[in-house]
Amino acid sequence: MSLMLVAGVCFAESRIMTGAESVDEYLPMLKGKRVALLSNQTGIITPDKHVLDTLIALDVNVVSIFSPEHGFRGTADAGEIVNSSVDEKTGVPIRSLYDGKGGVSQEVIDGFDVLVFDLQDVGCRFYTYNATMARMMAVCAKNGKKMIVLDRPNPIGFYVDGPILDMKYKSGVGYLPIPVCHGMTLGELAMMINGEKWLPDGAQCDLVVIRCKNYTHQSKYVLPVKPSPNLPDMRSIYLYPSMCYFEATPVSLGRGTAWAFEMYGHPNMKGYKFSFTPKSIPGAKYPPQLNKKCYGVDLRKKPSIDQINEAGINLEYIIDAYNNLNLDDHFFRSFFELLIGRDYVRKMIKQGKSAAEIKAMWADDVAKFKTQRKPYLLYAE
């Protein structure tokens, strides 16, 4: 840790450094290898330098780019099929993992020796990058490939919350037996996937994690690049663990506006003055309630950031919308259980239980997981 002297006062400089910035640590493992890179727009080393450009400038033989949900440039809609292509700047082929074809061909797998993984996660089970990582760990394990995870901070790594996924609801938005908010970096989670033998047939991935520096789980890390089109700022990321369940209802959570996940509403919600109208915009071409005036709740200023994070997962928003619309079974879609991970939450909301009563149901899951994950933590809690 270096020291700065400002106006005669000495300060400890502890800027958080991502794994990608520690080039000297992973460059020796790439020399003479055919390298595949799984990354997107968040894979930056400096504000104007992507990890791909850095590797190529250092004469690393990058033979393939794998792109996750939203594509390599991070502009595609949630779940949108993204075709494979070629990176215009470098000429490296981009193999989309969201091309609708279900996986990576053996020809492509045989074409690389080492997979470098560099994605900025937001710390929620239903954010698909952890599932993408687990799937590619399985590919590497099966085919004898090394995987290097360039770790990045978890922007909500300071708490664990939500039920552990019931694996009968396993899907692309719930792939691992972890709580909704796991409080881990993807590097730590990769270590846990290996250690708990969560890969098919208990396979082990030849894994190296390049750690962040000056990071702890209490760090408030501000993302330098938005991780996906509809998480535009830190407030949306902090609200995301509480708001994403609206995706499995007819209620709009602000997709089609500049403030996705920072409001919710529906044309038939009563008693609210606040309104918004979802439009077709880049990253949300066909948002729920498109071009319809929605009435509901504005979360852009209140509660405060501290109140949002202190509450953790807050089901009051979805309970409010459920009670207001009075749609009973027509409110929830089957996707709801895939997001929340358990069947009792929908039942308790319909029974009129409070957010606090529901949250109490998963307290044991949180305590169990905190103990289970301890051996894999790379950073102080």
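Residues numbered from 1 in each chain as written. Predicted model: local features only at pLDDT ≥ 70, side-chain atom pairs only at ≥ 80, totals over all residues. Heavy atoms only, no water.

Caption draft 1: Spatial organisation of the overall build of the protein. A tally of regular secondary structure across the protein gives 12 helices and 14 strands. Here the protein has a C-alpha radius of gyration of 21 Å; the compact-globule value for 381 residues is 21 Å, and the two agree. If you line up the protein on its principal axes, its C-alpha atoms span 65 × 60 × 40 Å. Here the protein holds 381 residues, and 56% of them are scored as buried. Partitioning the contacts of the protein with sequence separation of at least 6, the portion at a separation of at least 24 is 71%. Surface accessibility of the protein: about 16500 Å² in total, with carbon and sulfur atoms responsible for 52%. Of note, the protein has its 44 positive side-chain charges centred 3 Å away from the centre of its 41 negative side-chain charges. (Helix = DSSP H or I, 4+ residues; strand = E, 2+ residues; numbered from the N terminus. Rg over C-alpha atoms; globule rule 2.2 N^0.38 Å. Buried < 20%, exposed > 50% of the residue type's maximum accessible area, 1.4 Å probe, protein only. Contact = heavy atoms within 4.5 Å. Areas by Shrake-Rupley, 256 points an atom, 1.4 Å probe, with all protein chains shown as cover. Lys, Arg positive; Asp, Glu negative; His and termini not counted. Charge placed at Lys NZ, Arg CZ, Asp CG, Glu CD.)

Caption draft 2: Region of the structure containing the packing of aromatic side chains. Tallied over the full model, the rule gives 17 aromatic pairs. With a centroid separation of 5.3 Å and 80° between ring planes, the pair formed by Phe 126 and Tyr 240 is classed as edge-to-face. Taken together, the residues Phe 126 in the loop between β9 (114–118) and α4 (129–143) and Tyr 240 in helix α6 (residues 234–243) connect sequence positions 114 residues apart. Like Phe 126, the residue Tyr 240 is buried in the burial classification. It is Lys 145 that lies over the ring of Phe 112; its NZ or CZ is 5.6 Å from the centre. A cation sits over an aromatic face here: Arg 300 above Trp 259, 4.5 Å from the ring centre. (Phe/Tyr/Trp six-rings, centres within 6.5 Å; stacked < 30°, edge-to-face > 60°. Lys NZ or Arg CZ within 6 Å of the ring centre and 35° of its normal.)

Caption draft 3: Broad picture of the nonpolar core. Counting 96 residues, the largest nonpolar core has Met 133, Met 147, Tyr 245, Tyr 264 and Leu 315 as its most contacted members. A total of 9 residues in this core trace back to one element, the largest contributor, which is α4. For Met 133, the contacting residues outside a window of four places in its chain are Phe 117, Met 147, Val 149, Leu 186, Leu 189, Ala 190 and Ile 193. Counting residues in hydrophobic clusters, the runner-up holds 22 residues, among them Val 35, Val 60, Ile 94 and Ile 210. (Core = buried A, V, L, I, M, F, W, Y, C linked by side-chain atoms within 4.5 Å.)

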